[in-house]
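# Chain and residue survey
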Amino acid sequence: MGLAYNVVYEERTGTELRLASDSSDDLSTGPRLRMPDILLQTPDSLWLTPSSLPRRPLNRFQLPGAEGVPLMPVIYGQPGGTGQYIESEQGGIYLGIDIFGSSLFMLARYEELVIRDRDRLDRFPAKQSLAYLESFLHRPIINEYVELLWQLMKQLWPELRRRLREPNIRISHDVDFPYYVYGRNRLRMVRDILMDLVRRGDIESSWKKAKMLYKARRNLAWDPYNTFSWLMDLSEQAGIRSAFYFITEETKPGIDGNYAIDDPVIQQLLREIHTRGHEIGLHPSYNTYLNPARIHSQFQKLKEIAAANDITQQSWGGRQHYLRWRAPDTWQFWEDAGLQYDSTLSFADRAGFRCGVCYEYPVFNLRTGQALALRERPLLVMDQTILHPEYMGLTHEQAYETIRHFYVECMKYRGDFTLLWHNSQLLKSSERDVYRKCLEMLGQRTGGSLSRGNEPERRGLNSEQEGRGISLENCLSDPLERRA
């Protein structure tokens, strides 16, 4: 929240918030805000076991004065003496949500260390997550919790002020296949064209690929996957800095792209991206998510190529190929490799708030009990997730409305909206129309330039609600120290 604070450890069953005066550190007087402490009171023998997971179905309650607003689900919590989740009591207020424990559960992906179900690509599926099962995957539940906490704190201590948080829009592009003709002979191209035409009924894509059969194969200006200039043009018009994540090593033939990072054409592309002010990042290949040595070597390779092309950046990050990731191991491997941020965490099969939050946050290793320097930038929407028939299979209009929904949710909390759209997912004019419409929406709402500090449109925020910038470090590091 941007507030100075001290942590006092005492033998108690819950958590109390008190305000220390400027003249005294005595916390025994004045109003208090009490909350239950449930997850972090779990006995060591039950920690990271099914017995420690939230009990389903979750309890829900109506926020006071918020009729018509969806009920608030309680991940971990306990109602007060009158059976309510918000109660006035002598000396303060009782809030029956274990906000610190619930935040840890979502942010550190606690359930993914307990539940062993995985899809055919060894990914944790949305349909096994508490957020999906309890129908709040479309809501940034931790932001909602912290906003509720802030409102109650303001009731007790009206003089409190918090730091205004700047919202961010983060658009990224995983470069799996930079150019269609790379790695494809004419026979393979003919087969692709027939598949598009006969099996998918996609005349437009088949025609764009067919044109590459009779054009010079190195005339990449006509390549249907070569959408980089177009993507950068749209981002620049909207005042957004895009990120392009590159694969540097093949670990699974046919899956890990169709290019080599040291190809002169690829290096020219890297230089162009950098010169235009956009970001370059790492896209660790298919079989790296449990291989720390390969993540490290692939990152070193990217930095070597960048240095050879006079490309420097203040920070480096990226996203795992195919969103293959495991808690907390992959985070730890990224940390050990020297990367500054990851943006993998969205479910492949459902768009939404996998981590329950629309803020970047520092990650925590639940196995070692250590806070990491690595930061997570949760991914909210991936093109394949919303369009592919194996996943959500939305129409293009539904896809746009889904993207718009998540953007609006993020801006309610002055959060970070993150969208992944592959450069190779723009063959159809309808796909380009959806993407262009999204970027036009973002550009209109930001006044065309986030970088100049223009703020996205905010609906229904008053002066007391503007400062939604709440630090999530406290939700991770301080509570876990109590278990150490």
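Computed from a prediction, not measured in an experiment: that's the story for all the values here.

Moving on, we come to the overall build of the protein chain. Within the protein chain, the regular secondary structure consists of 14 helices and 15 strands. Residues classed as buried in the protein chain amount to 56% of the 484 residues present. At a minimum sequence separation of 6, the contacts of the protein chain that also span at least 24 residues come to 73%.

This brings us to the sheet that holds strand β5 (residues 86-89). Judged by pairing direction, the sheet is mixed, and its four strands sit side by side in the order β1-β2-β6-β5 without closing on themselves. Both outer strands of the open sheet, β1 (14-18) and β5, are each paired with one neighbouring strand and no more. For this sheet, the mean angle separating the axes of adjacent strands, direction not counted, is 20°. Of the strand pairs in this sheet, β5 and strand β6 (residues 92-95) are connected by four bridges, and their pairing is antiparallel. Its bridge partner lying in β6, Glu89 is registered against Gly92. Across the sheet, helix α4 (residues 141-156) is in contact with β1, β2 (32-36), β5 and β6; its angle to β6 comes to roughly 165°.

A word on the confidence of the model for the protein chain. For any part of a model where pLDDT is low, the fine detail of the predicted coordinates should not be relied upon. Averaged over all residues, the pLDDT of the protein chain is 88; the fraction at 70 or higher stands at 87%. Counting contacts from residues 449-482, a segment whose pLDDT is below 50, to residues more than four positions away or on other chains yields 91 contacts.

We now examine the packing of helix α9 (residues 292-308) against helix α10 (residues 329-337). Orientation of α9 relative to α10, taken along the N-to-C sense of each, is 40°, at an axis distance of 9 Å. Taken together, the axes of α9 and α10 are oblique relative to one another. With respect to the hand of their crossing, α9 and α10 are arranged in right-handed fashion. Within the contact between the two elements, α9 uses Pro292, Ile295, His296, Phe299 and Gln300 and α10 uses Phe333, Trp334, Asp336 and Ala337.

On to the packing of helix α1 (residues 99-107) against α4, then. Where α1 contacts α4, the axes come no closer than 10 Å and their chain directions differ by 160°. In this view, α1 runs roughly antiparallel relative to α4, as classed from their interaxial angle. For the pair α1 and α4, the crossing hand works out as left-handed. Contacts between α1 and α4 pair Ile99, Ser102, Ser103 and Met106 from the former with Ile141, Ile142, Tyr145 and Leu149 from the latter.

Of all five residues in strand β12 (residues 361-365), five are buried, a share of seventy percent or more. Pairing geometry for β12 and strand β13 (residues 370-376), over four bridges, is antiparallel. Across the sheet, residue Asn365 finds its bridge partner in β13, namely Gln370. Between β12 and the antiparallel strand that follows it, β13, lie four residues; Gly369 among them carries a positive phi value of about 70°.

All right, on to a nonpolar patch on the surface then. There is a patch of nonpolar side chains on the surface, built from Val190, Leu194, Leu197, Val198 and Ile203 and spanning about 470 Å² of accessible area. Here the nonpolar patch gets four residues from one element, more than from any other, and that element is helix α5 (residues 186-199). Here Ile203 shows up in helix α6 (residues 203-214).

This part is about the nonpolar core. One finds Leu33, Phe246, Phe417 and Tyr435 to be the most contacted residues of the largest nonpolar core, which totals 129 residues. The element best represented in this core is α4, accounting for 10 residues. With sequence-adjacent residues up to four places away left out, Phe246 is seen in contact with Val175, Tyr259, Ile261, Ile266, Leu269, Leu270, Ile273, Ile280, Gly281, Leu282 and His283. With six residues, the next largest nonpolar core counts Leu323, Leu379, Met382 and Leu420 among its residues.

Tracing the sequence through the fold places Tyr245 in strand β8 (residues 243-246). We classify Tyr245 as buried; its relative accessible area is 3%. Between the C-alpha atoms of Tyr245 and Gln320, which are 75 residues apart in sequence, the distance is 9.4 Å. When sequence neighbours within four positions are dropped, the list of residues in contact with Tyr245 reads Ser172, His173, Asp174, Val175, Gly281, Leu282, His283, Gly317, Gly318, Arg319 and Tyr341.

What follows deals with the pattern of salt bridges. Evaluation of the coordinates by the stated rule reveals 29 salt bridges. Among the salt bridges present, the one from Glu16 reaches Arg18, with a minimum N-O distance of 3.3 Å. Residue classification places Glu16 among the partly exposed positions, given a relative accessible area of 22%. A salt bridge links Lys437 to Glu397; the nearest nitrogen and oxygen atoms lie 3.7 Å apart. One end of the pair, Lys437, is in helix α13 (residues 429-445); the other, Glu397, is in helix α12 (residues 396-412), with 40 residues separating them in the sequence. Salt bridges linked by common partners bring Glu16, Arg18, Arg32, Arg34 and Glu89 together as one network.

This part is about α9. If you check α9, its first and last C-alpha atoms are 24 Å apart, about what 17 residues at 1.5 Å a residue would give, namely 24 Å. If you follow the buried residues of α9, they end up packed against α8 (264-275), β9 (279-282) and α10.

The first and last C-alpha atoms of α8 sit 16 Å apart over 12 residues, in line with the 16 Å expected at 1.5 Å per residue. Among all positions in α8, only Ile266, Gln267, Leu269, Leu270 and Ile273 are buried. Mapping the buried residues of α8 onto a view down its axis gives an arc of 155°, with all of them on the same face. Exposed side chains of α8 directed beyond 90 degrees from the buried face belong to Pro264 and Thr275. Residues of α8 that are buried in the fold lie against α7 (228-237), β8, β9 and α9. The residue sitting at the N-terminus of α8 and contributing the capping side-chain oxygen is Asp263; that oxygen lies 2.8 Å from the backbone nitrogen of Val265.

Rules used in this analysis
- Residues numbered from 1 in each chain as written.
- Predicted model: local features only at pLDDT ≥ 70, side-chain atom pairs only at ≥ 80, totals over all residues.
- Heavy atoms only, no water.
- Helix = DSSP H or I, 4+ residues; strand = E, 2+ residues; numbered from the N terminus.
- Buried < 20%, exposed > 50% of the residue type's maximum accessible area, 1.4 Å probe, protein only.
- Contact = heavy atoms within 4.5 Å.
- Pairing = 2+ DSSP bridges.
- Axes fitted to C-alpha atoms, helices over the stretch in contact; angles between N-to-C directions.
- pLDDT = per-residue confidence, 0-100.
- Parallel < 35°, antiparallel > 145°, perpendicular 65-115°, else oblique.
- Left-handed = near helix turned anticlockwise from the far one by under 90°.
- Patch = residues over 30% accessible without salt bridge, like charges linked within 9 Å, V, L, I, M, F, W, Y side chains within 5 Å.
- Areas by Shrake-Rupley, 256 points an atom, 1.4 Å probe, with all protein chains shown as cover.
- Salt bridge = Lys/Arg side-chain N within 4 Å of Asp/Glu carboxyl O.
- Core = buried A, V, L, I, M, F, W, Y, C linked by side-chain atoms within 4.5 Å.
- Expected span 1.5 Å × (residues − 1).
- Arc of directions from axis to C-beta.
- Polar contact = N/O pair within 3.5 Å; in protein donor to acceptor, adjacent residues only side chain to side chain.

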